[in-house]
Structure formats: C-alpha cells, structure tokens
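An overview of the molecular structure
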Amino acid sequence: MRTSSWKYQQFGILLTCFCIYLIPFKKMEPCSCDTFVALPPATAGNRIIFGKNSDRLCDEVQEVVYFPAAVHDNLREHLQCTYIEIDQVPETYAVVLSRPSWLWGAEMGANEHGVCIGNEAVWGREEVCDEEALLGMDLVRLGLERADTAEKALNVIVDLLEKYGQGGNCSEGRMVFSYHNSFLIADRKEAWILETAGKYWAAEKVQEGIRNISNQLSITTKIDREHPDMRNYAKRKGWWDGKKEFDFAAAYSYLDTAKMMISPGRYCEGYKLLNKHKGNITFEAMMDILRDKPSGINMEGEFLTTASMVSILPQDSSLPCIHFFTGTPDPERSVFKPFIFVPNIPQLLDTSSPTFGHEDPVKKKPRFQFKPDRRHPLYQKHQQALEVIDKKEEKAKTLLDNMKKLEKDLFKEMESILQNKHLDVDKIVNLFPQCAKDEIRIYKSNISP
C-alpha cells in the first residue's frame, strides 16, 4: 500500500514541477485543469464570471446532466457516490453538472442558487491515499447539492473530507491516477479557494478582482479559514518551523512561492490571461481564455480539454444566473450552450451518456475490467464533425462558421435576457436541449456525403 501510494505522490510532485517550470520547452503539455473567477471591478456589468476547462485523458467522454431538487424522507438509506456510501441529507438542490460519464461526481457544475464549483488535481508533501474514499469530483457534486452559498459549500466539503476522507482512482481504467484536490467555489457575492492535503486544508476568500487555480497549491499567507490542526501538523512534520509567517503552499508542497507568479506555468499563464482583460471581463472574454492554446489553457494531446464551462452570476438577484457548457472536447471547436434553472427542466438526453446499471465496470469488483462505449449523441456527432474539419478545408470553414453563428445568436439572446430582465420560462425550460439539437443538426448537415 505505501509503495503504491508513494509512487502516486512522486508522480504528482514531478507533474507539478513540470507544469510550473518546464512549459517553456513546449515539447510536451502539462496534465492539468484551470478554473477562473472574476469579480467586480474586474468584470463588466456588475457580474461575477466563473470559468473552467476540464483536462482529462483524451478518450474520456464528459456529459452534461441535470438533477432536480429532491426531498429525502428515508435518511436511513445511504447515498452511493463513485466508490463509497455516505449519509444522505433531508434536502438536495437542483444541479447541472459536467462530469466524466463513468463516475457519480463532477468536474464542474452549478446549482439552482447560483453556486458554481470546479476542482483541480494537486499534489504535495502529504501522501495521496490510494484507498477508495470520496473523490474530489464527488465533493464538487455534494457541495452543489447541499449548499445555497459558496461558503456553505466550503463547509459541506470540509465536513465530508473530515468524515470520509478523499482517495481512489480518478481515472477510468487500470492505470491508477490519484490526487488531492483544490476547489474554486463562487456565488453571486464572493468566491472561495479551498485547497487540501489529505484531510488538512486552507481556504482563501475572494471578494473582488481576479483569481485562478491550476494543478498546484496557490494559497500562501492569506488564509481566511483552515483546518484546526493544519499548522501544528506541518510543524510536527518539519515543514514549518513555527516562527516565520505560515505559508500554506510552501509548507504543504515543494513550491518556492516567491517565484509562483513569475514561473512560466499554467497557473501563471492563466493569471496573465485574466489580467489582460481585467476591468472589462465578460463571459465572452472568459470563453476566449478557455479557448487559448498558446498558453496551454486549451490543452491538446494525450490529456486534453474534454469539456468547458462558463457561468454568469449577476449580483442583482432579480436576474438569472446563466451557465454555458460545451459537453464536447476542445472549446475552440465547440459551442458554448446556455442553461438557466427554471422548474420542470427535462432530462438532457443529447448530452447524457448510456448507463449500464450494476454491470458498469466501475461498480463491479475488481473494477475497470473493460471500458464501455460512453459516447452521448452530441459527442458522437461532434467527433465526426472534427474529422471533417481535419480533412476537408472547404467543409471545415462552413462548419465552423455555422457553429460560430449559432453561438453568437445564443450570446445575443442571453444578453437580451440580462438587459431586459425578461425570462420566457416556457422557452427556457428547453433552452439547453434545443441548443444541443441545433448543434447536432449543424454537424449532420456538414458530415453528410
């Protein structure tokens, strides 16, 4: 057990160092995700803008799914997460999730109260647990289902972390890929950065400006909340002398935090892109950041950007929050489709993957003995369209133009809702499903002989 766990830890350390220091050579790409938040006065229109790219193994399908609010009367029944069962709560909120289709949790998502969460893989001095517990992605979904503010979501996550721990394979397959997690949690008023090392954690409150997280610990000396034994544990391990100012990232990782903002890695590159738009950050600007390939934010290769999300969180509570999802890889060649919470939203069939019940290889032990076809209808047509883009230049231009037109029209429609404060609920209830169908129609018209 220890040998295996130590192997994962060493991999994480090397990966972190690679992502931070070696990206200038550009021969290989770092395995990472990026999550961003921008708050007034950095944004336009008195809005908070949230964005995330989910970078995963290139053959992993990510689905966009909706779960309505629910009341759970029989609390003796346990909730089955990806690997373990936990206690259920009396009430859960409606959520929309972008998730790897083989697991219970999610890489990113939002709830009906305007809370958004994205997570990142992080490594450091604390060993990664290879025993099955809650995945960071499970904690994302649980935070969204159980909290109506960003800080309450933080409370949910750290309480569950203390009770159940984090651990288990984060990859669908026999290759074991395990890590600790960091989270960016936002609502209409503020954002929180939560970074973990095993059961220990630190949190930073963000009330204005810009902030991003990547695959490294980034909380240094500004710590607004923390695990009660976090400093003592670092002192006992010899990671902090107890005299100099406590620096979470310096103590729990191998980073030189003095160089963190000048190192040419993903974290720094993401901050530069945010800072470039600072003062006028819109949801379109956030999408441009997620689509940026020179920085490595829009990732290509064995690990690639498998799905993307951008949310508009107006500080005016009379306005709806709008959440855009691609549900497909490479945001530069995908359509951001809007979702707004209203009653009676139907299942999102075109972005929901097939289910396999008790025969799913993630549920049977030993796990991951085979890999089923998890492609949903939008993913299938999108992949066929990418083949056209790569092979037929003339058709590629028409296809991309049609995709951009669909997206541009959707942006105008969403901006009109925010400006005019008029929401046609009968139309909005089918907004995301209709957008997915329109996108599929574009693909079908361009991939036919």
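Residues numbered from 1 in each chain as written. Predicted model: local features only at pLDDT ≥ 70, side-chain atom pairs only at ≥ 80, totals over all residues. Heavy atoms only, no water.

So, the overall build of the protein
Stated precisely, the cut-off is as follows: Here a strand is any run of E in DSSP of at least two residues, a helix any run of H or I of at least four, and the numbering for each starts at the N terminus. Restricting the calculation to C-alpha atoms gives the radius of gyration, and the globule rule supplies 2.2 Å times the number of residues raised to the power 0.38. Accessible area is worked out with a 1.4 Å probe on protein chains only. A residue is then buried under 20% of its type maximum, exposed over 50%, and partly exposed in between. Two residues form a contact once any of their heavy atoms are found within 4.5 Å. Note on areas: these come from Shrake-Rupley sampling with a 1.4 Å probe, and a residue is covered only by the protein chains present in the view. As used throughout, the charge tally considers Lys and Arg to be positive and Asp and Glu to be negative, leaving His and the chain termini uncounted. The atoms used to mark charge sites are NZ of Lys, CZ of Arg, CG of Asp and CD of Glu.
Looking only at helices and strands, the protein features eleven helices and 18 strands. Taking 22 Å as the expected radius of gyration for a compact globule of 449 residues, we find that the protein reaches 21 Å, a close match to that expectation. Its C-alpha atoms give the protein principal-axis dimensions of roughly 65 × 50 × 50 Å. Counting over 449 residues, the protein shows a buried share of 59%. Restricting to contacts in the protein with at least 6 residues of sequence separation, those with at least 24 account for 71%. Carbon and sulfur atoms provide 51% of the accessible area of the protein, an area that totals close to 19000 Å². Charged side chains of the protein number 58 positive and 64 negative; the gap between the two group centres comes to 2 Å.

As for helix H3 (residues 150-164)
Just so we agree on the cut-off: Here the expected length of a helix is defined as 1.5 Å per residue gap, with one fewer gap than residues.
With 15 residues, H3 should cover 21 Å at 1.5 Å per step; its first-to-last C-alpha distance of 21 Å lies within 8% of that length. Among the residues making up H3, those that are buried are Ala150, Ala153, Leu154, Val156, Ile157, Val158, Leu160 and Leu161. Looking one or two residues beyond H3, the residue adopting positive phi is glycine 165, at roughly 75°.

Details of the pattern of salt bridges
This is how the line gets drawn: Note on definitions: salt bridges are taken to be side-chain nitrogens of Lys or Arg within 4 Å of carboxyl oxygens of Asp or Glu.
Inspection of every chain in the model, using the stated rule, returns 37 salt bridges. In this structure, aspartate 409 and lysine 405 form a salt bridge, with 3.0 Å as the shortest nitrogen-oxygen distance. With aspartate 409 and lysine 405 both in helix H9 (residues 393-420) and four residues apart, the pair spans about one turn of that helix. Among the residues examined, aspartate 409 registers a relative accessible area of 36% and is labelled partly exposed. For lysine 405, a relative accessible area of 52% corresponds to the exposed category. Three or more residues are tied together by salt bridges with common partners; here these are Lys293, Glu300, Asp330, Glu332, Arg333 and Asp390.

What to know about the confidence of the model for the protein
Definition in use: Confidence scores labelled pLDDT are given residue by residue by the predictor and lie between 0 and 100.
Here the protein averages 91 in pLDDT, and 92% of its residues register 70 or above. Every residue in residues 1-30 is under pLDDT 50, and counting partners more than four places away or in other chains gives 61 contacts.

Brief notes about the environment of leucine 273
Note on placement: leucine 273 falls in helix H6 (residues 266-277). Taking the C-alpha atoms as reference points, leucine 273 and alanine 307, separated by 34 residues in sequence, lie 19 Å from one another. Discounting residues that sit within four places of it in the chain, leucine 273 has contacts with Ile289, Asp292, Ser295 and Ile297.

Notes on the packing of helix H2 (residues 136-146) against H3
Under the convention used in this document: All axes here are fitted lines through C-alpha atoms, helices being fitted over the stretch that makes contact, and every angle between N-to-C directions spans 0 to 180 degrees. What sets the label is the angle itself: under 35 degrees gives roughly parallel, over 145 gives roughly antiparallel, 65 to 115 gives roughly perpendicular, and the rest give oblique. By convention, the crossing between two helices is left-handed when the near helix turns anticlockwise from the far helix through less than a right angle, and right-handed when the turn is clockwise. Each residue is assigned to one class: nonpolar for Ala, Val, Leu, Ile, Met, Phe, Trp, Tyr, Cys and Pro, charged for Asp, Glu, Lys and Arg, and polar for all the others, Gly among them.
For the pair H2 and H3, interaxial distance at closest approach is 8 Å and the crossing angle is 130°. Considered as vectors, H2 and H3 are oriented oblique to each other. H3 is crossed by H2, and the crossing has right-handed handedness. Contacts between H2 and H3 involve Leu139, Leu142, Gly143 and Arg146 from the first element and Ala153, Val156, Ile157, Leu160 and Leu161 from the second. Here the residues of the contact of H2 with H3 sort into seven nonpolar, one polar and one charged.

What about unusual backbone geometry?
Residue proline 41 is bonded to the preceding proline 40 through a cis peptide linkage, with omega at 10°. Among the secondary structure elements, proline 41 is positioned in the loop between strand E1 (34-39) and strand E2 (47-57). Going from lysine 365 to proline 366, the amide bond is cis rather than trans, its omega being -5°. Relative to the helices and strands, proline 366 resides in the loop between strand E18 (337-339) and helix H8 (377-391). Positive phi values are uncommon outside glycine, yet aspartate 330 reaches one of about 60°. Inspection of the secondary structure assignment puts aspartate 330 in the loop between strand E17 (322-325) and E18.

A closer look at the nonpolar core
Generally speaking, nonpolar side chains in soluble globular proteins are found buried as a group. Applicable threshold: Residue types Ala, Val, Leu, Ile, Met, Phe, Trp, Tyr and Cys, when buried and joined through side-chain atoms within 4.5 Å, form a set referred to as a nonpolar core.
One finds Phe246, Phe248, Tyr252, Phe324 and Phe339 to be the most contacted residues of the largest nonpolar core, which totals 87 residues. No other element matches H9, which puts nine residues into this core. Not counting residues within four places of it along the chain, the set of residues in contact with phenylalanine 246 comprises Thr220, Thr221, Ile223, Met230, Arg231, Ala234, Trp240, Ala251 and Tyr252.

Focus: the packing of aromatic side chains
Worth spelling out the cut-off: For this analysis, a ring pair means two rings from Phe, Tyr or Trp (six-membered ring only for Trp) whose centres lie within 6.5 Å, classed as stacked if their planes differ by under 30 degrees, edge-to-face if by over 60, and tilted for the remaining angles. Charge over a ring is defined by NZ of Lys or CZ of Arg lying within 6 Å of the ring centre and within 35 degrees of the ring normal.
This model, assessed by the stated rule, comprises 19 aromatic pairs. Relative to phenylalanine 368, the ring of tryptophan 102 has its centre 5.7 Å away and its plane inclined at 80°; by these criteria the two rings are edge-to-face. Taken as a pair, tryptophan 102 in the loop between strand E8 (95-100) and strand E9 (108-111) and phenylalanine 368 in the loop between E18 and H8 lie far apart in primary sequence, 266 residues in all. Exposure class is identical for tryptophan 102 and phenylalanine 368. Each is buried. The lysine or arginine in question, arginine 141, covers the ring of phenylalanine 67, its NZ or CZ lying 4.1 Å from the ring centre. When the ring centre of tryptophan 104 is taken as origin, the NZ or CZ atom of arginine 141, which lies over that ring, is 4.0 Å away.

A look at the layout of surface pockets
In this approach the atoms are scanned with a rolling probe the size of a water molecule, which exposes any empty space left behind. Using the following cut-off: Put plainly, a pocket is an open set of points on a 1 Å grid over the protein atoms alone with protein on both sides within 12 Å along at least five of seven lines, a cavity is a set where a 1.4 Å probe fits but cannot get out, and a lining residue has an atom within 4 Å of a point. Grid points are joined across faces, edges and corners, and a volume is the space filled by probe spheres set on the points.
Empty space within the largest pocket amounts to approximately 620 Å³. For the lining of the largest pocket, the residue count by class is 14 nonpolar, eight polar and seven charged.

Remarks on the side chain of asparagine 111
For the record, the criterion: In protein, a polar contact means a hydrogen-donor-capable atom and an acceptor-capable atom, both N or O and within 3.5 Å, with residues adjacent in sequence counting only if both atoms are side-chain atoms; elsewhere, any N or O pair within 3.5 Å suffices.
Position of asparagine 111 among the secondary structure elements: in strand E9. At 2.9 Å, the side chain of asparagine 111 and the backbone nitrogen of histidine 113 are in polar contact. Every residue in contact with asparagine 111, bar those within four places of it in the chain, is listed here: Tyr93, Ala94, Val95, Leu144, Ala147, His323 and Phe341.

What about the sheet that holds E2?
Consider a sheet: its strands pair through backbone hydrogen bonds, and that pairing is either parallel or antiparallel. Applied cut-off: DSSP-based pairing: two strands are paired if at least 2 bridges between them are found.
The six strands are arranged E14-E1-E2-E16-E17-E18 in an open sheet whose pairing can be described as antiparallel. Each of the sheet's edge strands pairs with one partner strand only, and the pair in question is strand E14 (209-213) and E18. Across the sheet, the mean angle separating the axes of adjacent strands is 15° when strand polarity is ignored. Bridge analysis of strand E16 (residues 303-314) against E17 gives four bridges, and the strand direction is antiparallel. By the bridge assignment for E17, isoleucine 312 is matched with isoleucine 322. Those strands touched by H6 are E1, E2 and E14, and its axis lies near 155° from that of E14.

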